[in-house]
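If you want the building blocks of each chain, they are given just below.
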Amino acid sequence: MRVLGTLLAAVVLFGVDADAVRANDGIVDAEETVTGDPGDPPPPPECWWSSNEASSGDLAHERGFWRQIDGGDHYDDVLVFFEDGSLHRTFVSEQRTYVLQVRVCNNPDHEEAGRRRWTVVGPPNPTVYWDELTERVTKRVPLPAPNLGVELQPDGSLGVPINLGLWIAVDNPDDVVARAEPAPGIWAETRARLDHIEFFSGTGRGSGECAGAGTPIPDAATDTVAEGPCGYTYESADERGEHTAILRATWTVINTTSTGATERRADIVLDTPIPIDVYEIQTVGTG
């Protein structure tokens, strides 16, 4: 039956014109599949797009890139990262991620060889954003703004009499957050949170660690000479004079993603120097 079928097919072919045969060139004959006769392989493409191997210099350059929104007056936040050796970037407001590709040709002198383009790709594992989000948060964490229960001078210096207790706190304890959401429901986040503060008097002693932002002096205690729960008191005449105190703030940095992944990065420790003039109040007795 197979032989008869093949002969019938041959008779039919002889009865059609050449144009009809060419129209069916894309159909593979069943007999050809059985016998395994090799067909002519398609010619290799002259040029094709391939992932562009990126360098650290490319990454540094793209991190300075901001895209202006079409028809708008603002710029989109762009997150840049490596994945599988290629440079990627995500436009945050668009929730779209692109990969950098390069045009490769059989003939390296071809006019298209070396061309580059950005191509939309699916969202990556959100952990790839952690490095850049951590970098951004680190740059945005503020120096501690001292609140010591005594008014600072315009130049940031402080005059403190011996035996007047300080209340140690900072005025800028809010979390600092950077977030990327490359697609709905897929996100990565880095959060810096103030963990504790510490006051160093400049005379060799200090307050010790105080949880969170410390304790600012309440209005009801403005007349007290006692130090606060997080506080320090210059007590000795040996501490008189000019010193440089330090208010230190330590922030924890936590990375999380929508997949449940979490990671703690190195703490951020920032110091604010405070010039302090410690003086003694003289008392005069009368008889």
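See the structure shown above.
A. How the structure looks around the pattern of salt bridges. Under the counting rule described, the total for this entry stands at 18 salt bridges. One salt bridge in this structure joins Glu-132 and Arg-63, with 3.3 Å as the shortest N-O distance. Of this pair, Glu-132 sits in helix α5 (residues 130-140) while Arg-63 sits in helix α4 (residues 56-63), and the two are 69 residues apart along the sequence. On the basis of relative accessibility, which here comes to 5%, the residue Glu-132 falls in the buried class. Residue Arg-63 is classed as partly exposed on the basis of its relative accessible area of 28%. Arg-248 serves as the salt-bridge partner of Asp-271, at 2.7 Å between the closest nitrogen and oxygen.

B. Layout of the state of the cysteines. In total, this model carries two disulfides according to the counting rule given. Put simply, Cys-47 and Cys-105 are joined by a disulfide, and their sulfur atoms are 2.1 Å apart. Across the disulfide from Cys-47 to Cys-105, rotation about the S-S bond amounts to roughly 105°, and the bridge is consequently right-handed. With Cys-47 in strand β1 (residues 47-51) and Cys-105 in strand β6 (residues 96-105), this residue pair connects regions lying 58 residues apart in the sequence. The class of Cys-47 is buried, set by a relative accessible area of 13%. Covalently, Cys-210 is tied to Cys-230 through a disulfide, its sulfur atoms 2.0 Å apart. In this structure the cystine formed by Cys-210 and Cys-230 twists about its S-S bond by roughly 85°; its chirality is therefore right-handed. Placement of the pair is Cys-210 in strand β14 (residues 210-211) and Cys-230 in the loop between β14 and β15 (231-232), with a sequence separation of 20 residues. An identical accessibility class is assigned to Cys-210 and Cys-230; each is buried. If one numbers only the bonded cysteines of the chain, in the order they occur, the disulfide pattern is 1-2, 3-4.

So, how was this worked out
- Residues numbered from 1 in each chain as written.
- Predicted model: local features only at pLDDT ≥ 70, side-chain atom pairs only at ≥ 80, totals over all residues.
- Heavy atoms only, no water.
- Salt bridge = Lys/Arg side-chain N within 4 Å of Asp/Glu carboxyl O.
- Helix = DSSP H or I, 4+ residues; strand = E, 2+ residues; numbered from the N terminus.
- Buried < 20%, exposed > 50% of the residue type's maximum accessible area, 1.4 Å probe, protein only.
- Disulfide = S-S within 2.5 Å.

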